Amino acid sequence: MWDLLVRRARLATMTPGAPYGEAPGVGPCGASGARLGALAVEGGRIAWLGADADLPAGAAARLELDAEGRLLTPGLVDAHTHLVHAGSRAVEWGERLAGATYEEVAARGGGILSTVRATRAAGFERLLAESRPRLAALMADGVTTVEVKSGYGLDLETEARMLEVARALGERLPVTVRTTFLGAHSVPPEFAGRADAYVEELTGRILPAVAARGLADAVDAYCEPHAFSLAQVERLFDAAARHGLPVKLHAEQRSDSGGAALVAARRGLSADHLEHLSPAGVQALAAAGTVAVLLPGAYLHLRETRPPPVAALRAAGVPLAVATDLNPGTSPLGSLTLAMNLACTLLGLDPAEALAGTTRVGARALGLHDRGALAAGLRADLALWSLEHPAELVGRLALPALATRVVAGAVHHAPTR
Ligand code: DI6
Ligand code: FE
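> Any chance you could explain the overall build of the chain here in plain terms?
Broken down by element type, the chain carries 15 helices and 18 strands. Its C-alpha atoms put the chain at 70 × 45 × 45 Å along the principal axes. Evaluated residue by residue, the chain yields a buried proportion of 59% over its 417 residues. If the 39 positive side-chain charges of the chain are averaged to one point and the 43 negative ones to another, these points end up 2 Å apart.

Structure representation (structure tokens):
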């Protein structure tokens, strides 16, 4: 007697091999001859999957769900967000439309520092209340695992509060939240012109306190001329290693600063953005097996014209993830399915690569090896869509299609579909 049995589903397992994966005895997902599948859950894990017609005789479950031919995928993984923050930056976006650059807006106190002011002023409850609908939007779009960064506090008190809010969201809502310490997002006003002293504060005081309280699962930084240099990021990564925390990096978003090669050398989880990645950076990521996280929302919202070198990354065998980068300044994007679409239309992924980027590869970008595909033994994080072909999930612009999310075997129906 299983806990849950989903029957008559089109199974996009997202296991390697076929573009959308292939369940035993079913045929490649999306192929015309593919059979309908079934998937059983026991103890929060996938216990069995295969053709519906091949279900063992007498198979039964406490809860049975008839998918009626709909598409079942792994629950989606959003591996890069800044969804915990206060305030809005839509006004400065208008200024940028009128011609101001991101750096110019930042130089007059807008940009990241304007969100820092709003986030410092918000207490725990208000920060939670402002952040929760953003996470709910991602969940309503099939997300079952999400990464959330700090980085709008830039002092111990507010960085810790952001991470506590992120942890609280993961406890109160049916979703896995992985937290990342991004104290090195910008130099705070108290340390203006003294970036090295701020890095000292980060490595000597803030990160140790955050780590001691178990608030961070990883450490990230923003490596750019107007943020932190390679040498400063190295010091931060050294500190992360002392605390046993894996690293990742905002790299090569606005310039070729060599960040990807650094995070690869540290065997980091991921290098994110990568619009200005050099051929040497591509090779470094490939050699280390570091995931490239593509963030098409930021590319779109900043009206960038130089996409990351996707063809070279693909040719080198670098795993490609896709994430929202949900943040108030450069990517106010609350839909991971829309991010997949943009990764194809703007950056050149194909739909199967985009879906792998929010499932199997997205999980890998977070160092999670227990999810991101449909296979026996993996966590039963699932998304059931009112769609028939996996390409439909990617090939539409913000048309909601989620019917049901399953998180570690627990069923959560979407309101209307
Ligand atoms: N790169 C980004 O796209 C975001 N952070 C970063 O390092 C932007 C964050 C913001 O503008 O608030
Ligand atoms: Fe980011």
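> How do you make sense of the coordination of the iron ion (ligand 2) when you look at a structure like this?
A four-donor tetrahedral metal ideally has 109.5 degree angles, and a six-donor octahedral metal ideally has angles of 90 or 180 degrees. Donor atoms from the polypeptide that bind the iron ion (ligand 2) are His80 (NE2), His82 (NE2), His250 (NE2) and Asp325 (OD), placed at 2.1 to 2.3 Å. Viewed at the metal, the four donor atoms of the iron ion (ligand 2) are separated by angles of 81 to 168°, and the geometry they form is irregular. Between the donor residues of the iron ion (ligand 2), the gaps in sequence give the motif H-x1-H-x167-H-x74-D. Linking His82 in the loop between strand S8 (76-78) and helix H1 (90-97) with Asp325 in the loop between strand S15 (320-322) and helix H12 (336-345), this pair joins segments that are 243 residues apart in sequence. This pair shows no difference in class: His82 is buried, exactly as Asp325 is.

> Explanation requested: the site of ligand 1 in the structure shown.
Taken together, 14 residues surround ligand 1, and among them Arg89, Tyr102, Tyr152, His185 and Thr330 come closest. Within the contact set of ligand 1, a nitrogen atom lies 2.8 Å away from a side-chain nitrogen or oxygen of His185. Within the side chain of His273, an N or O atom sits 3.5 Å from an oxygen atom of ligand 1. Burial of ligand 1 by the protein chains amounts to 100% of its free accessible area of 320 Å².

> Can you help me understand the packing of helix H4 (residues 124-140) against helix H5 (residues 156-172) in this one?
Two quantities define a packed helix pair, namely the angle between the axes and the distance from one axis to the other. Relative orientation of the contacting elements H4 and H5 amounts to 55°, with a least axis distance of 10 Å. Classified by the angle their axes make, H4 and H5 are oblique. The two elements H4 and H5 cross, and the hand of that crossing is right-handed. In contact with Phe124, Leu127, Leu128, Ser131, Arg132 and Leu135 of H4, H5 contributes Arg161, Met162, Glu164, Val165, Ala168, Leu169 and Arg172. Residues belonging to the contact of H4 with H5 are distributed by class as follows: eight nonpolar, one polar and four charged.

> Would you mind going over the pattern of salt bridges with me for this structure?
Pairing is possible between side chains of opposite charge, provided their charged atoms come close. Summed over the entire model, instances satisfying the criterion amount to 27 salt bridges. Across the pair Lys248 and Glu147 runs a salt bridge, and its minimum N-O distance is 3.0 Å. With Lys248 in strand S12 (residues 248-251) and Glu147 in strand S9 (residues 143-149), the pair connects residues that are 101 residues apart, well separated along the chain. Assigned by exposure class, Lys248 and Glu147 land together as buried. For Arg314, the salt bridge is made with Glu353, and the minimal N-O distance between the two is 2.6 Å.

> Would you explain H12 in this entry?
Since the α-helix turns once every 3.6 residues, residues separated by three or four places project in the same direction. In terms of burial, H12 is largely enclosed, as nine of its ten residues are buried. Taken as a whole, H12 has its buried residues at Leu336, Thr337, Leu338, Ala339, Met340, Asn341, Leu342, Ala343 and Cys344.

> Honestly, the sheet that holds strand S10 (residues 176-184) in this entry has me stumped. Any pointers?
Backbone hydrogen bonds are what pair the strands of a sheet, in a parallel or an antiparallel way. The four strands are arranged S8-S9-S10-S11 in an open sheet whose pairing can be described as parallel. Looking along the sheet, the strands with just one partner apiece sit at the ends: S8 and strand S11 (218-221). The average angle at which neighbouring strand axes cross in this sheet is 25°, direction not considered. Along the sheet, H4 makes contact with S8, S9 and S10, crossing S9 at roughly 145°. Lying over the sheet, helix H7 (residues 230-242) contacts S10 and S11, oriented at roughly 175° with respect to S11.

Conventions we followed
Just so you know, the residues in each chain are numbered from 1, in the order the chain's sequence is written. A letter from A marks each chain and a number from 1 marks each ligand, given out in the order of writing. Per-residue local features of the predicted model are confined to residues with pLDDT of at least 70, and side-chain atom pairs are confined, for both listing and counting, to 80 or more; whole-chain, interface and lining totals are unaffected and use all residues. Only hydrogens and water are set aside when side-chain values are computed; all heavy atoms of the structure are taken into account. Note on conventions: DSSP H or I runs of at least 4 residues are helices, E runs of at least 2 residues are strands, and numbering of each starts at the N terminus. Exposure categories follow from relative accessible area, calculated using a 1.4 Å probe and restricted to protein chains: below 20% of the type maximum is buried, above 50% is exposed, and the middle band is partly exposed. Note on charges: Lys and Arg go in the positive column, Asp and Glu in the negative column, and His and the chain ends are not counted at all. By convention, the point assigned to a charge is CZ for Arg, NZ for Lys, CD for Glu and CG for Asp. The donor set covers N, O and S atoms within 2.8 Å of the metal, switching to 3.2 Å for Na, K and Ca, and it leaves out water, so a site may look short of donors. Donor angles set the geometry label: tetrahedral for four donors if every angle is between 85 and 135 degrees, square planar for four and octahedral for six if opposite donors exceed 155 degrees and the others are between 65 and 115, irregular for anything else. Distances are taken per atom, and a residue is near a molecule or strand as soon as one of its heavy atoms is within 4 Å of it. N or O atoms within 3.5 Å of each other form a polar contact, as long as, within protein, one can give a hydrogen and the other can take it, and as long as residues adjacent in sequence are counted only when both atoms are side-chain atoms. Using the Shrake-Rupley algorithm and a 1.4 Å probe, accessible areas are obtained, with residue cover drawn only from the displayed protein chains. Only the stretch in contact is used when a helix axis is fitted, and all axes are lines through C-alpha atoms; the angle between N-to-C directions ranges over 0 to 180 degrees. Oblique is the label for any angle not under 35 degrees, not over 145, and not in the 65 to 115 range, which are roughly parallel, roughly antiparallel and roughly perpendicular in turn. Handedness of a helix crossing follows the sense of rotation of the near helix relative to the far helix, less than a right angle counterclockwise being left-handed and clockwise being right-handed. Only heavy atoms enter the contact rule, under which two residues are in contact if any of them lie within 4.5 Å. Gly counts as polar in this scheme, as do all residues outside two lists: the nonpolar Ala, Val, Leu, Ile, Met, Phe, Trp, Tyr, Cys and Pro, and the charged Asp, Glu, Lys and Arg. Note on definitions: salt bridges are taken to be side-chain nitrogens of Lys or Arg within 4 Å of carboxyl oxygens of Asp or Glu. A pair of strands is labelled paired if DSSP reports no fewer than 2 bridges between them.

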